[in-house]
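# Working through the structure, step by step
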Amino acid sequence: AAYGASADLALAATQIQTDVGLLIRAAQGFSVSGSELDRNTAATVAGRLVEAASRTAQKITETGAGVSMSDLDAAHKRFVADMERLTAAKSKRKEVLAERLKPAMAELDQRLAELIKSAKTLNELGPAAYAEAARERLAKIFPRIERYDLDQQFEDAEAAQAALAEVEPVLGDVVAEADDPAIRANAETAGKLYKALSAALADAVTATDDADVVADALFRVAGRQMSAAAQTMRDAAAENLNRLQSDNQAAMSALQT
């Protein structure tokens, strides 16, 4: 009976180690994508891990095995806390992208289109040409932002910032070249929209950096601690099983003798 209980404990410890690995991989997927699917997967595995840990603790008590779960419990609590911080950081990044950055880009694009139309109507060809150049540069940023939203590639954010920096002097040229006060006013409004867009992109990059700092602590510290604790616990359960197996074999030999 003791040997059977010890075998159950070893199996439970192995399952916990497997769940720890699955939890870390799901969290890594969420850290990169920010998708609800990855977050829900991590939450599901985390819940299963808590239940398994509770059952295992009961088995440890029942068998009197010298297996400690304290390190695993502490590492898991830290991992959960860091995961909550990561979720908050990713949510902030998503909010900046969805509620500030993309709307600002769409508004600036619309303003430039109206500026081009009015400039051509009034034969302000110089301002129209500059506004078209600004709009062409803005169009190159859209796909960069889309990719940055999906997988937060730094090169896309850097390219978007570089392309956006080229828009500002062109808007200044519109103001300088325009004779019509209404066109100058529209160009100045576009300049204000540009500043809002530039600030939103900078905030999105900052939010991404913040999320990366949290993710680094999550995997480099808490994840490693939890993996090491799960391995130690599994090793202890296996050692306990091997000892009981040896005792069982010795008893069987003695009985046979």
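Residues numbered from 1 in each chain as written. Predicted model: local features only at pLDDT ≥ 70, side-chain atom pairs only at ≥ 80, totals over all residues. Heavy atoms only, no water.

### Some thoughts on the overall build of the protein chain
- Counting secondary structure elements, the protein chain contains 7 helices and 0 strands.
- From first element to last, N terminus to C terminus, the protein chain shows the α and β order α-α-α-α-α-α-α.
- Whereas a compact globule of 257 residues would reach a radius of gyration of roughly 18 Å, the protein chain reaches 30 Å, over 25% beyond that.
- Taking all 257 residues of the protein chain together, 39% fall into the buried category.
- Within the protein chain, residue pairs in contact and separated by at least 24 positions form 82% of the contacts whose partners lie at least 6 positions apart.
- Split by element, the accessible area of the protein chain, about 13,700 Å² in all, is 52% carbon and sulfur. (Helix = DSSP H or I, 4+ residues; strand = E, 2+ residues; numbered from the N terminus. Rg over C-alpha atoms; globule rule 2.2 N^0.38 Å. Buried < 20%, exposed > 50% of the residue type's maximum accessible area, 1.4 Å probe, protein only. Contact = heavy atoms within 4.5 Å. Areas by Shrake-Rupley, 256 points an atom, 1.4 Å probe, with all protein chains shown as cover.)

### Notes on helix α3 (residues 70-121)
- Helix length check: α3 (52 residues) gives 76 Å between terminal C-alpha atoms against 76 Å at 1.5 Å per residue, within 8%.
- Along α3, the helix axis deviates most sharply at Leu-97, where the bend reaches about 35°.
- Within two residues after α3, Asn-123 carries a phi angle of roughly 60°, on the positive side. (Expected span 1.5 Å × (residues − 1). Bend = angle between axes of the 7 residues up to and from the residue.)

### With respect to the nonpolar core
- Core analysis: the largest hydrophobic core is formed by 38 residues, its most contacted members being Ile-16, Val-20, Leu-23, Leu-72, Phe-79, Leu-86 and Met-226.
- Among the elements of the structure, α1 (2-33), α2 (36-63), α3 and α7 (181-256) are those that each provide at least two residues to this core.
- Top element by residues in this core is α7. It accounts for 12 residues.
- Leaving out residues up to four positions away in the same chain, Phe-79 has contacts with Leu-23, Ile-24, Ala-27, Leu-218, Ala-222, Gly-223 and Met-226.
- Of all hydrophobic cores here, the second largest spans 37 residues; its members include Leu-115, Ala-133, Ala-190 and Val-205. (Core = buried A, V, L, I, M, F, W, Y, C linked by side-chain atoms within 4.5 Å.)

### Description of the packing of aromatic side chains
- Under the counting rule described, the total for this entry stands at 0 aromatic pairs.
- A cation sits over an aromatic face here: Arg-93 above Tyr-148, 4.6 Å from the ring centre. (Phe/Tyr/Trp six-rings, centres within 6.5 Å; stacked < 30°, edge-to-face > 60°. Lys NZ or Arg CZ within 6 Å of the ring centre and 35° of its normal.)

### Points about the confidence of the model for the protein chain
- The predicted model of the protein chain averages 88 in pLDDT, with 100% of residues at 70 or higher.
- Per-residue pLDDT, averaged within each element of the protein chain, yields its smallest value for α2 (82) and its largest for α3 (91). (pLDDT = per-residue confidence, 0-100.)

### A look at the packing of helix α5 (residues 154-165) against helix α6 (residues 167-177)
- Packing of α5 against α6 brings their axes to within 4 Å, and their N-to-C directions diverge by 20°. Between α5 and α6, the angle falls in the class roughly parallel. Note on element contacts: α6 touches α5 through Val-167, Glu-168 and Pro-169, opposite Ala-163, Leu-164 and Ala-165. (Axes fitted to C-alpha atoms, helices over the stretch in contact; angles between N-to-C directions. Parallel < 35°, antiparallel > 145°, perpendicular 65-115°, else oblique.)

### Details of the pattern of salt bridges
- Following the criterion strictly, the structure yields 13 salt bridges and no others.
- One salt bridge in this structure joins Lys-120 and Glu-132, with 2.7 Å as the shortest N-O distance. Taken as a pair, Lys-120 in helix α3 and Glu-132 in helix α4 (residues 125-151) lie far apart in primary sequence, 12 residues in all.
- When its relative accessible area of 30% is taken as the criterion, Glu-132 is described as partly exposed.
- A network of salt bridges, in which partner residues are shared, links Arg-78, Asp-82 and Arg-85. (Salt bridge = Lys/Arg side-chain N within 4 Å of Asp/Glu carboxyl O.)

### Here's the deal with unusual backbone geometry
- The phi angle at Asn-123 is positive, at roughly 60°, despite the residue not being glycine.
- Among the residues examined, Asn-123 registers a relative accessible area of 63% and is labelled exposed.

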